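Each chain is listed here by its residues.
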Amino acid sequence: MLLQLKNIFKWVNSGGQRIFLLKDINLQVEEGEFISVMGPSGSGKSTLLNVIGMLDTFDEGEYHFLDESVHTLKEKHRSNLYKEYIGFVFQSYHLLDDLKVYENLEMPLLYKKFKGSERRAMVADMLDRFNIVGKKDLFPAQLSGGQQQLVGVARALIANPKLILADEPTGNLNSQQSEEIMQLFKRLNEEDGVTIIQVTHSEKNAAYGSRVINLLDGRMV
Amino acid sequence: MFKNHLKIAWRSLKKQPFFTFLNTFGLAIGMAGALLIALYINDELSYDKMFADADRIYRINADVKFGGLPEQLGESPEPMAETLMRDYPQVELAIRIRDQGSVLIRKANVTSNVKELNSAFVDSTFFKMFGLAFLDGDVTTALTEPNTLVLTRTAAEKHFGVNNAVGQEMVLNNLGTFRVTGVMEDMPKNSLLRDHTVFISMPSFQFAQIGHWGSLNYYTFVKMVPTADMAAFQEGLDSLLGRYLIPWIQDYYPGMTEASFRASGNFINYSAMPLTDIHLQSNMKTELSANGSLQNIYILSFVAIFLVVLAVVNFMNLSTAYSLKRAKEVGVRKTLGSDKSDLVRQFLTESGFICFLSLLLAVGVAFLVLPLFNDLADKAISIPFQNPMFWAILIGATLVVGVLSGTYPAFFMSRFIPVKVLKGSGLSDVGGSKVRNSLVVFQFAISILLIVATVVVYQQLNFIQSKELGYDKAQILVLEDINNANGQEQSLKREVLRLGQVQSATLSSFLPTPSARTGQTFFKEGANNQEDAINMENWRVDHDYLSTLGLELIAGRDFDVRIPTDSSAVIINEATLKTLNVSAENAIGLRISSDLGASEEDITYQTIIGVVRNFHYDSMRKNIEALCLGIGRFPGSLAIKMGTQEVTATVSAIEGIWNTIAPGQPFNYYFLDDSFNDSYDAEQRLGQIFSVFTVLSILIACLGLFGLATFNAQRRTKEIGIRKVLGASISQISYRLTTDFLKMVGWAIVISLPIGWYAMDKWLQDFSYRIEVQWWMLLLAAFLAIAIAVLTVGYQSIRAAVVNPVKSLRAE
């Protein structure tokens, strides 16, 4: 078991009323799963993903990741945990505009204190694997959306995470580019055994996954 | 990692050239200004420190009241040096300098004189005292004999060249022949003897060994042994009065004791002032050369600190405002595993980077404007590029500025929460606007303060220059050194008076501009005691003095050539009436004398025949004191009142007359109003320096405000779009955007005006004749600040307001 959410609640107080963003979420994710989270706008998909990614906190419930109880951890430990095991892929890619493709890929490694030679090898490997060696000295703005997201996925993968969290990874892409990214996810999941949780609006994309979770008003249905 | 930080820093700066420019330029201006001020202060602090053993050298000052008003002098009696050497083992060496002012000097075999502006009689050990070396001649024996002198390099070159001077004969003041026995290097520019070029042996001075304790005419310097206890030495100085001065006074006032001397309110307190303190802390009635002012050093230090603080504040403001654009980067970096401390380091690297860019720019700017600055400050400062210390301090200071300006933005930015900043397109409010607004208020408050200061300083200067002086300084040419005219001063005056444009002329050594003059002790007939003595200046003039200078009589009459007894008559000023305690009418006919302590039959009295309205003869910092005018011989200058026409022609006509009467003698002249203006040089400079740095600080504040306005307009694009769709007009929107900033300026005005009013009122207390800080000066400063803010912000506001809302809303 990779992670487990038990009775997770998250709310905000607005005008004296408690508005629930997540309501009694119970979820268990095994290693090697490919899960799609679906639901209408405002149903809590992204919030759930952020909670799983430890970028956001929750108000009630338990969260176990591997052997750690996330809800009891301090900020510092939490960030060490996600730093080591989780990679993020965003709808709007969030590549750093001032860095070249090569440097964007290298950045997570810098934060994990890899040595220069190791970094070079790992970046070269990733460029090779994603077939973007020719693009390594370009800036994000010089790439198409699909290519940017390719770099985004490569960056998420470079430090060998156990879990990839993707928030509408194809939301800004056309259908052909979408297709390619989803194929890539499928391959990563099947061949490399990476666990993936994606948020999506599209039935078609959801079908790539092995399990679908539907959310409505912060509740799993 | 550091390399990565640098790379990111460089690229993100390149990507926002406008922001980078504002930040770098603002900092560079602040740094350049502070650098110039630091160099100036460094120069002021360096005075007299170059002399060997400078830390062991002291000048003996005297705080004196002996009848009349108390005086503070840098000079001491003639026997002081010898006495100190003899009585105090902790005194290693003591020397005297008797300042002689300007001299006319020529080679023995030529006729035309050269004027050297500063000369002095000095003891032969003078060179040993200050560790001065000779270029030629023997430093130990050079000034041991009478009629010998030593020239500086510059002075020697005028006549002989450096290597040929020693052994040559020179004629001084047409009085005597002197032998050149040495040539020395010019005195350092930052020493108290910087203007002295001729040093004459003390034995040449006829009064140098008379043992006179009563008059204080010799600058006495002592060099203490390294272990000397200065407190004990001070006690020794205190005992000099009883041991030497009182016995000497008893020759004139038999029976006077130290107790009775003190009982009548008199005192003479000697003290030792460190040589290196003289330039900034000594403000005596006479000095070897003009001194600086500690007050100005303080003022300038404040200005320098203000400038840097303004620039740092600017940096903080712009960085946090523009951090919106970096919010996404922070978010991404955090999700990729960056620590807060990593981000702090990264942003500090960036601010450090900008600081060093600014440093380079600042040094360049300082280098370029240095000549102008030197002109303004009357200095010859250069940037010590070769000095590693200079660079070390500069880089150290830059690091401090970098940390000061970068820390807040760094911590501010590293606090961003990824979930928030990664949502949507990333452009939302980042908070911290309260801090930014207060910083803008602070900047404007300082700028307004400086504007108030500038306005008040200029108003005061204007007041001084246009104040009714009590005499007419316009169109008066002063011909100097007429004692060279071989006793033909009277015929010179007669000839000059025949020129068509000349209205009148007067022969005198005394003119109503600030200069070194000392008072003399007088007493009223029938009140010949110490206690009743009055101190007043005693000016020797001629019969045309009042008419030439336009002095106004309020009682009595002017000197009259037809009345022979007028040669022993005096005219007093209004201030003297108060000292004598009589009315103007009753003063006429009173007799006064300066022969204090003499027996009745030996006293020569002078009769008061007139009273002139008070006129300002000294700096406006001082009150008008008692003064009397009497007929004198030996005039030093001829003051000539001319018409306003053909001034140049008249001057050359006067020169023609001079050359006929005194062939070969230098024709030195100046205009009285120029000399008057020169005496307010310090205030003028202060005014100019203030205005320059006021402009700089305003510029920095404007850069910051402009940056913020630009940013603000960008941030509110959506809001503006929505408002326009809902029907707001362009003027309504620009008004809205502008008033936000004006509110801050308003706060700045509220804070700074009372402080400015208080501070400038304090500054004005220095002047006996001064303006009041008026409400309109404060209002002017406030108005200027508002106008500047509107101009700076208005452009951005209007630009944001005219954008088509379809465009701005789509972009969201």
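Remember, it's a predicted structure, so these values are computed and weren't measured experimentally.

How do you make sense of the overall build of chain A when you look at a structure like this?
Of the regular secondary structure elements, chain A holds seven helices and ten strands. Over its C-alpha atoms chain A spans a radius of gyration of 18 Å, differing by no more than 12% from the 17 Å that the globule rule assigns to 221 residues. When the backbone C-alpha atoms are referred to their principal axes, chain A occupies close to 55 × 40 × 35 Å. Taking all 221 residues of chain A together, 53% fall into the buried category. Within chain A, contacts between residues separated by at least 24 positions form 72% of all contacts whose residues are at least 6 apart in sequence. Working note: accessible area of chain A is about 10,000 Å², and carbon and sulfur atoms make up 44% of it.

I'm lost on the sheet that holds strand β1 (residues 3-14) of chain A in this one. Help?
Sheets are built from strands that pair by backbone hydrogen bonding, the pairs being arranged parallel or antiparallel. Residues and elements named next belong to chain A. Spatial ordering of the open sheet is given by β2-β1-β4-β5, a layout of four strands whose pairing is antiparallel. The open sheet has two edge strands, β2 (17-29) and β5 (68-69), and neither has a second partner. The sheet contact formed by strand β4 (residues 60-65) and β5 spans two bridges and is antiparallel. The residue bridging His64 from the neighbouring strand is Ser69, located in β5. Where helix α1 (residues 45-52) meets the sheet, it contacts β1, β2 and β4, and its direction lies at approximately 60° from that of β2.

Is there a simple way to explain the nonpolar core in this structure?
When a protein is soluble and globular, its nonpolar side chains tend to lie buried together. B:Phe444, B:Trp539, B:Tyr545, B:Leu551 and B:Leu629 are the most contacted members of the largest nonpolar core, which has 125 residues in total. Non-local contacts of B:Leu551, meaning those with residues more than four positions away in its chain, are made with B:Gly470, B:Tyr471, B:Tyr545, B:Leu546, B:Val612, B:Phe615 and B:Leu629. With 51 residues, the next largest nonpolar core counts A:Val51, A:Met54, A:Leu81 and B:Val421 among its residues.

Please clarify how the environment of B:Ile720 should be interpreted in this entry.
When you line up the elements, B:Ile720 lands in helix α22 (residues 717-725). Those residues within four positions of B:Ile720 in sequence are excluded, and the remaining contacts are B:Ala713, B:Ile733, B:Leu737, B:Ala800 and B:Ala801.

Help me understand the sheet that holds strand β22 (residues 669-671) of chain B, please; the structure alone is not making it clear to me.
All names here are of chain B. The strand order across the open sheet built from four strands is β13-β21-β12-β22, with neighbouring strands paired in antiparallel fashion. Since the sheet does not close on itself, it has two edges, and those belong to β13 (502-508) and β22, each with one partner. Across the sheet, the axes of successive neighbouring strands diverge by a mean angle of 20°, strand direction being ignored. In the sheet, strand β12 (residues 476-479) pairs with β22 via three bridges, with the strands oriented antiparallel. Residue pairing across strands places Val478 opposite Tyr670, the latter belonging to β22. Each of β12, β13 and β21 (637-642) touches helix α15 (residues 489-497); the most contacted strand, β13, lies at about 165° to it. Packed on one face of the sheet, helix α19 (residues 647-661) meets β12, β13, β21 and β22 and runs near 150° to β21.

Before we go on, may I ask you to explain the pairing of strand β1 (residues 57-65) of chain B in this structure?
Looking along a regular strand, one sees the side chains alternate between the two faces of the sheet. Residues and elements named next belong to chain B. Extensive coverage of β1 is indicated by the burial of seven of its nine residues. Note that β1 and strand β10 (residues 219-224) share three bridges and pair antiparallel. Note that in β10 the partner of Tyr58 across the bridge is Val222. Here β1 pairs with strand β11 (residues 267-274) via eight bridges, running antiparallel. Bridge pairing in β11 links Asn61 to Ser271. When β1 meets strand β2 (residues 71-73), the two strands line up antiparallel, connected through three bridges.

I'm lost on the pattern of salt bridges in this one. Help?
All names here are of chain B. Throughout the structure, instances matching the rule amount to 40 salt bridges over all chains. Where Arg56 meets Glu92, a salt bridge forms, and the shortest distance between an N and an O atom there is 2.7 Å. Here the residue Arg56 occupies a position in the loop between α2 (17-45) and β1, and Glu92 occupies one in strand β3 (residues 91-107), the gap between them amounting to 36 residues. With a shortest N-O distance of 3.1 Å, Asp123 and Arg96 are connected by a salt bridge. In this pair, Asp123 sits in the loop between β4 (114-122) and α4 (126-130) while Arg96 sits in strand β3, placing the two residues 27 residues apart along the sequence. Through salt bridges with shared partners, a single network forms among Asp53, Arg56, Glu92 and Lys223.

Looking at this structure, how should I read a nonpolar patch on the surface?
Residue and element names in this part refer to chain B. On the surface, Trp775, Trp776, Leu779, Leu780 and Leu784 cluster together into a nonpolar patch covering about 510 Å² of accessible area. Of note, Leu779 is situated in helix α24 (residues 775-802). Here Leu779 falls in the exposed class, since its relative accessible area comes to 51%.

Would you explain the interface of chain A and chain B in this entry?
Size of an interface: often given as the accessible area lost when the parts come together. Opposite the 23 residues of chain A that make contact, chain B presents 22 residues. Of the roughly 2,200 Å² buried where chain A meets chain B, counting both sides, 57% is carbon and sulfur surface. Of all residues in chain A, A:His94, A:Asp98 and A:Tyr111 bury the most surface against chain B, accounting for 32% of the area lost on that side. B:Lys328 is paired through a salt bridge with A:Asp97; the nearest N and O atoms lie 3.7 Å apart. For the side of chain A that touches chain B, the secondary-structure elements that each account for two or more residues are α2 (75-85) and α3 (101-111) of chain A.

Any chance you could explain α2(A) here in plain terms?
Owing to its 3.6 residues per turn, the α-helix aligns residues three or four sequence positions apart on the same side. Residues A:Arg78, A:Ser79, A:Leu81, A:Tyr82 and A:Lys83 constitute the buried set of α2(A). Of the surrounding secondary structure, the elements contacted by the buried residues of α2(A) are β4, β5, β6 (86-89) and α3 of chain A together with α10 (327-335) of chain B.

I'm lost on the domain arrangement of chain B in this one. Help?
All names here are of chain B. Partitioning chain B into structural domains gives domain 1 (2-41 + 293-462 + 681-811), domain 2 (67-265) and domain 3 (476-678). On a C-alpha basis, the centroid separation for the pair domain 1 and domain 3 is 56 Å. At the junction of the two partners, domain 1 supplies seven residues and domain 3 supplies eight residues. When domain 1 packs against domain 3, the two sides together hide about 710 Å² of surface, and 36% of this comes from carbon and sulfur. In terms of surface lost to domain 3, no three residues of domain 1 exceed Asp681, Ser768 and Tyr769, which account for 62% of the buried area on that side. Linking domain 1 to domain 3 there are zero salt bridges. Applying the counting criterion to the domain 1 and domain 3 interface returns two residue pairs in polar contact (both at pLDDT 80 or more). Its residues assigned to classes, the side of domain 1 that touches domain 3 shows two nonpolar, two polar and three charged.

I keep staring at the packing of helix α5 (residues 145-157) of chain A against helix α6 (residues 175-191) of chain A and nothing clicks. Help me out?
Between two packed helices, what matters for the description is the angle formed by their axes and the separation of those axes. Residues and elements named next belong to chain A. Interaxial distance between α5 and α6 falls to 9 Å at its minimum, and their mutual angle equals 20°. As the angle between them shows, α5 and α6 are arranged roughly parallel. By crossing handedness, the relation of α5 to α6 is classed as right-handed. Each of Gly145, Gly146, Gln149, Leu150, Val153 and Leu157 in α5 lies in contact with α6, whose residues at this interface are Gln177, Ile181, Leu184, Phe185 and Leu188. Broken down by class, the residue content of the contact of α5 with α6 amounts to seven nonpolar, four polar and no charged.

Here is what the cut-offs are and how they apply
Residues numbered from 1 in each chain as written. Chains lettered and ligands numbered in written order. Predicted model: local features only at pLDDT ≥ 70, side-chain atom pairs only at ≥ 80, totals over all residues. Heavy atoms only, no water. Helix = DSSP H or I, 4+ residues; strand = E, 2+ residues; numbered from the N terminus. Rg over C-alpha atoms; globule rule 2.2 N^0.38 Å. Buried < 20%, exposed > 50% of the residue type's maximum accessible area, 1.4 Å probe, protein only. Contact = heavy atoms within 4.5 Å. Areas by Shrake-Rupley, 256 points an atom, 1.4 Å probe, with all protein chains shown as cover. Pairing = 2+ DSSP bridges. Axes fitted to C-alpha atoms, helices over the stretch in contact; angles between N-to-C directions. Core = buried A, V, L, I, M, F, W, Y, C linked by side-chain atoms within 4.5 Å. Salt bridge = Lys/Arg side-chain N within 4 Å of Asp/Glu carboxyl O. Patch = residues over 30% accessible without salt bridge, like charges linked within 9 Å, V, L, I, M, F, W, Y side chains within 5 Å. Buried area = accessible area lost by both parts, 1.4 Å probe. Domains from an automatic or database assignment. Polar contact = N/O pair within 3.5 Å; in protein donor to acceptor, adjacent residues only side chain to side chain. Nonpolar A, V, L, I, M, F, W, Y, C, P; charged D, E, K, R; others polar. Parallel < 35°, antiparallel > 145°, perpendicular 65-115°, else oblique. Left-handed = near helix turned anticlockwise from the far one by under 90°.

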